[in-house]
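Inside the fold
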Amino acid sequence: MEDDAEVVVQNKQVIFKDYIINNGSLKASNMAVTCDATIRLELPNNEDGLILTKNLYLSCDPYMKNRMLESMQGKFNDSFQFALGSPVRGFGVAKVLDSSHSKFTKGDLIWGPINWEEYSLIKDTQALIKIHYTDDVPLSYYTGILGMTGLTAYVGFYDICSPKKGDTVFVSAASGAIGQLVGQFAKLHGCYVVGSAGSDEKVDLLMNKFGFDEAFNYNKEEDLSATLKRYFPNGIDIYFENVGGKMLDGVLPNMRLHGRIAACGMISQSNLDKPEGINNLVFLIYKRIRMEGFQVSDYFHSYPKFTEMILPLIKEGKITYVEDIVEGLENAPSALVGLFTGNNIGKQVVVISHE
Ligand code: NAP
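About the thresholds
- Residues numbered from 1 in each chain as written.
- Predicted model: local features only at pLDDT ≥ 70, side-chain atom pairs only at ≥ 80, totals over all residues.
- Heavy atoms only, no water.
- Helix = DSSP H or I, 4+ residues; strand = E, 2+ residues; numbered from the N terminus.
- Rg over C-alpha atoms; globule rule 2.2 N^0.38 Å.
- Buried < 20%, exposed > 50% of the residue type's maximum accessible area, 1.4 Å probe, protein only.
- Contact = heavy atoms within 4.5 Å.
- Areas by Shrake-Rupley, 256 points an atom, 1.4 Å probe, with all protein chains shown as cover.
- Disulfide = S-S within 2.5 Å.
- Pairing = 2+ DSSP bridges.
- Right-handed = clockwise from strand over helix to strand, strands pointing away.
- Phe/Tyr/Trp six-rings, centres within 6.5 Å; stacked < 30°, edge-to-face > 60°.
- Near = heavy atom within 4 Å.
- Polar contact = N/O pair within 3.5 Å; in protein donor to acceptor, adjacent residues only side chain to side chain.
- Nonpolar A, V, L, I, M, F, W, Y, C, P; charged D, E, K, R; others polar.
- Domains from an automatic or database assignment.
- pLDDT = per-residue confidence, 0-100.
- Axes fitted to C-alpha atoms, helices over the stretch in contact; angles between N-to-C directions.
- Parallel < 35°, antiparallel > 145°, perpendicular 65-115°, else oblique.
- Left-handed = near helix turned anticlockwise from the far one by under 90°.

This brings us to the overall build of the protein chain. Helix and strand counts for the protein chain come out as 10 helices and 15 strands. For 355 residues, the compact-globule formula gives about 20 Å, and the C-alpha radius of gyration of the protein chain, at 21 Å, lands near that figure. If you line up the protein chain on its principal axes, its C-alpha atoms span 75 × 45 × 35 Å. A total of 355 residues make up the protein chain; the buried ones form 53% of that total. For the protein chain, restricting intrachain contacts to residue pairs at least 6 apart in sequence, the fraction spanning at least 24 positions comes to 70%. Of the roughly 15,900 Å² of accessible surface on the protein chain, a fraction of 49% belongs to carbon and sulfur atoms.

Written out as structure tokens, the structure is:
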């Protein structure tokens, strides 16, 4: 038996500190970075089914804000529910330091829901996926393109949008974690693709890195419906919706007959006291549009099929992925907040440790 001083270490954590009241903005002060906790880097004796992990990479995702809204408490029953005083929880990548679970062994790499802390003792391993890691793919990709985000882009585009070669496709929040992938999938499928983003730097990425046909900075446009008419004189077949609000209102009159809208997210509404109304919904009827919301959590069975498709595309350089990497657990709260002000350029990742 080792000396306790050697196996008990400090465990830095990001704690959920305060509810967001009403539908206010997420602030870094809703969370607290603490070094109060310690953890024993040894599995308890005589208990099977546990793993001890060193947490490496964290994914920042917009849905995490919902788990901090006072008004949403009690509305989710899954393992992502945040409890006051407990660590924030999200998708991430971790290394197994020790295991008494038959599915995992020491040294395994995993991705799935993990706490925002340096080390975890995990009992509920059901949602964790083992990574078959090869050096030619960055490990951090399992927070994004090879994780929940990539799967969202994949099912949203291929399952919900029913794309056909030659379709015209519009993607909002196009340079973000999901948008950049949807645009590239659409190009690989032989579609004409336009993206919108909130800065000229992001527009440049869309055109020169991700291969969008056209892109615009929505902050510089006064009349979004007129802007879209300019880019789609014959209308939009597919709209991949990430932002909602004014953008959706501008898109609806520009949709083509039998157009498809995948309602993935409506981030523009998330910091408003009262959601904006949509004026142009009647075009759903005039244009026989199919608008469908989806939740990636219903599609995890598609993950093996998805990786079979995406891994070769990454390795052959046919798909590229931009990450916005922040170093240090202490910077995780501000990185998460930045999603709601457009600070992130690409997938927002937080590095706790590179190994
Ligand atoms: P992301 O695009 O990487 O980051 C969020 C981006 O949203 C920001 O960079 C910003 O880009 C844009 N944004 C923030 N506030 C905005 C506002 N007020 N108006 C317009 N744009 C705003 O995030 P992501 O992870 O790829 O998520 C994209 C969307 O998918 C989100 O709505 C998210 O909730 C949703 N989502 C849905 C599912 C699902 O299962 N349905 C799963 C994951 C994510 P700009 O600077 O370009 O404005």
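The next subject is the state of the cysteines. Counted by the stated rule, this structure contains zero disulfides. Of all cysteine sulfurs, the one in Cys 60 lies closest to Cys 35, which takes part in no disulfide; the gap is 18 Å. Residue classification places Cys 35 among the partly exposed residues on the basis of a relative accessible area of 37%. Sulfur of Cys 264: no disulfide; nearest cysteine sulfur belongs to Cys 161 and is 9.5 Å away. What makes Cys 264 partly exposed here is its relative accessible area of 22%.

Burial of strand S11 (residues 236-241) is extensive: six of the six residues sit out of reach of the surface. Both strand S8 (residues 168-171) and S11 contribute to a ladder of three bridges, which runs parallel. Each residue of the ladder has a partner; that of Val 171, found in S11, is Phe 240. In terms of handedness, the path from S11 via helix H7 (residues 245-251) over to strand S12 (residues 255-263) forms a crossover that is right-handed.

Turning our eyes to something else, we now look at the side chain of Ser 196. Structurally, Ser 196 is set in strand S9 (residues 192-197). If we ignore the near neighbours within four places in the chain, the residues touching Ser 196 are Phe 170, Val 171, Ser 172, Ala 173, Ala 174, Leu 206, Phe 216 and Met 247.

This part is about the environment of Leu 205. Looking at where Leu 205 falls in the secondary structure, it is placed in helix H5 (residues 200-208). Look at Leu 205 and you get buried, because its relative accessible area is 15%. Taking the C-alpha atoms as reference points, Leu 205 and Ile 345, 140 residues apart in sequence, are found 9.1 Å from one another. Excluding residues within four positions of it along the chain, Leu 205 makes contact with Phe 210, Val 322 and Ile 345.

Inspection of every chain in the model, using the stated rule, returns 20 aromatic pairs. Centroid distance Phe 170 to Phe 216: 5.9 Å. Interplanar angle 10°. Geometry classified as stacked. One end of the pair, Phe 170, is in strand S8; the other, Phe 216, is in strand S10 (residues 214-217), with 46 residues separating them in the sequence. Here Phe 170 and Phe 216 have matching classes, each one buried. Ring geometry for Phe 283 against Tyr 286: centres 5.5 Å apart, planes inclined by 80°, an arrangement best described as edge-to-face. Of this pair, Phe 283 and Tyr 286 both sit in helix H8 (residues 283-286), three residues apart, which is roughly one turn of the helix. Three or more aromatic residues joined by ring pairs make a cluster, and in this case those are Tyr 63, Phe 91, Trp 111, Tyr 154, Phe 157, Tyr 158, Phe 185, Phe 300, Tyr 303 and Phe 306.

Time to look at the site of the ligand. Taken together, 25 residues are adjacent to the ligand, and Ala 177, Lys 202, Tyr 218, Val 296 and Asn 344 come closest. Contact distances for the ligand include 2.9 Å between an oxygen atom and a backbone N or O atom of Asn 242. Considering the ligand on its own, with 910 Å² of exposed area, one finds that the protein chains cover 88% of that surface. Class assignment for the residues of the shell around the ligand results in 15 nonpolar, nine polar and one charged. Formed jointly, the shell around the ligand draws a minimum of three residues from each of two domains, domain 1 (4-144 + 322-351) and domain 2 (148-297).

The next subject is the environment of His 258. Note that His 258 resides in strand S12. Residues His 258 and Gly 317, spaced 59 residues apart in sequence, show a C-alpha to C-alpha distance of 34 Å. Not counting the four nearest positions on each side in its chain, His 258 is found in contact with Lys 287 and Arg 288.

One rule of thumb: low pLDDT means the predicted coordinates there are not for detailed reading. When pLDDT is averaged along the protein chain, the result is 95, and 97% of the positions lie at 70 or above. Per-element confidence in the protein chain is highest for S8, whose mean pLDDT is 99, and lowest for helix H1 (residues 4-7), whose mean pLDDT is 72.

Let's shift gears to the packing of helix H3 (residues 148-160) against helix H4 (residues 179-188). Here H3 crosses H4 at 45°, and the two axes come no closer than 9 Å. Judged by the inter-axis angle, H3 sits oblique to H4. Judged by the sense of rotation from one axis to the other, the crossing of H3 with H4 is right-handed. Seen from H3, the contacting residues are Gly 150, Ala 153, Tyr 154, Phe 157 and Tyr 158; seen from H4, they are Leu 181, Val 182, Phe 185 and Ala 186. Taken together, the residues that form the contact of H3 with H4 break down as eight nonpolar, one polar and no charged.

It is worth spelling out unusual backbone geometry at this point. Negative phi is the rule for most residues except glycine; trans is the rule for most peptide bonds. For Ser 162, which is not glycine, the phi torsion reads 45° and is therefore positive. Looking at the element boundaries, Ser 162 is found in the loop between H3 and S8. Although it is not a glycine, His 258 sits at a positive phi angle of roughly 60°.

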